[in-house]
Amino acid sequence: MFSEHSKEFLQKDRPMVSITRNVPLDVVDSLKRIASITEFPEYQELIKSYINEGLRRDKYRYSGISIAHFIEALKQNGVSAIVIQQATQDLIES
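First, a word on what this report is: a plain description of the structure on this page.

Here is what the cut-offs are and how they apply
- Residues numbered from 1 in each chain as written.
- Predicted model: local features only at pLDDT ≥ 70, side-chain atom pairs only at ≥ 80, totals over all residues.
- Heavy atoms only, no water.
- Helix = DSSP H or I, 4+ residues; strand = E, 2+ residues; numbered from the N terminus.
- Contact = heavy atoms within 4.5 Å.
- Areas by Shrake-Rupley, 256 points an atom, 1.4 Å probe, with all protein chains shown as cover.
- Salt bridge = Lys/Arg side-chain N within 4 Å of Asp/Glu carboxyl O.
- Buried < 20%, exposed > 50% of the residue type's maximum accessible area, 1.4 Å probe, protein only.
- 1 Å grid on protein atoms, 1.4 Å probe; cavity = no way out; pocket = protein on both sides within 12 Å on 5 of 7 lines; lining within 4 Å.
- Points joined across faces, edges and corners; volume = space filled by probe spheres on them.
- Nonpolar A, V, L, I, M, F, W, Y, C, P; charged D, E, K, R; others polar.
- Expected span 1.5 Å × (residues − 1).
- Arc of directions from axis to C-beta.

1. Looking at the overall build of the protein
Move 1: Along the backbone of the protein there are four helices and zero strands.
Move 2: Put simply, the protein runs from its N terminus to its C terminus through helices and strands in the order α-α-α-α.
Move 3: Long-range contacts, defined here as pairs at least 24 residues apart, represent 37% of the contacts in the protein between residues at least 6 apart.
Move 4: Approximately 8,300 Å² of the protein is accessible, and the part contributed by carbon and sulfur atoms is 59%.

Put into structure tokens, the structure is as follows:
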């Protein structure tokens, strides 16, 4: 269900570092409002969730460059588009 990398995000004992950023007050107010109607007990947890979501998306997007070359090589070596599509879907769902 989760990839090994995704499981890392669920570990509670990961090393942490504190960061400080100035954020507009209206953004913090919006974060607090959204946190109060979601499963996040504090807006800081919502911020961490947004960061993790964006990071996972970008890591997938930028690692996809080499995956695209790999898929092209599979096609050039006679692997059918159906097999490639199914394998890609299996990876996305795992």
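And the narrative resumes.
2. Examining the pattern of salt bridges
Move 1: Overall, the coordinates contain two salt bridges when judged by the stated rule.
Move 2: Its salt-bridge partner being Lys48, residue Glu45 comes within 3.3 Å of it at the nearest N-O pair. Placement of both Glu45 and Lys48 in helix H3 (residues 43–76) is noted, with a separation of three residues, approximately one turn of the helix.
Move 3: Relative accessible area serves as the criterion here: at 40%, Lys48 is assigned to the partly exposed category.
Move 4: The closest approach of N and O atoms between Arg57 and Asp58, which form a salt bridge, is 3.6 Å.
Move 5: What makes Arg57 partly exposed here is its relative accessible area of 44%.

3. Quick notes on the layout of surface pockets
Any space left empty among the atoms is revealed by the rolling of a water-sized probe across them.
Move 1: What the second largest pocket holds in volume is close to 290 Å³.
Move 2: What lines the second largest pocket is a set of 14 residues, and nearest its centre among them are Ile67, Ile71, Ala87, Thr88 and Leu91.
Move 3: Those elements giving two or more residues to the lining of the second largest pocket turn out to be H3 and helix H4 (81–93).
Move 4: Here the residues of the lining of the second largest pocket are counted per class, giving eleven nonpolar, three polar and no charged.

4. A short note on helix H2 (residues 25–36)
Move 1: Compared with the 16 Å implied by 1.5 Å per residue over twelve residues, the 17 Å span of H2 between its first and last C-alpha is a close match.
Move 2: All of the buried residues in H2 are Val28, Leu31 and Ala35. Each buried residue of H2 lies within a common arc of 60 degrees when the element is viewed along its axis, so the set occupies one face. For H2, exposure combined with an orientation more than 90 degrees from the buried face picks out Asp26, Arg33 and Ser36.

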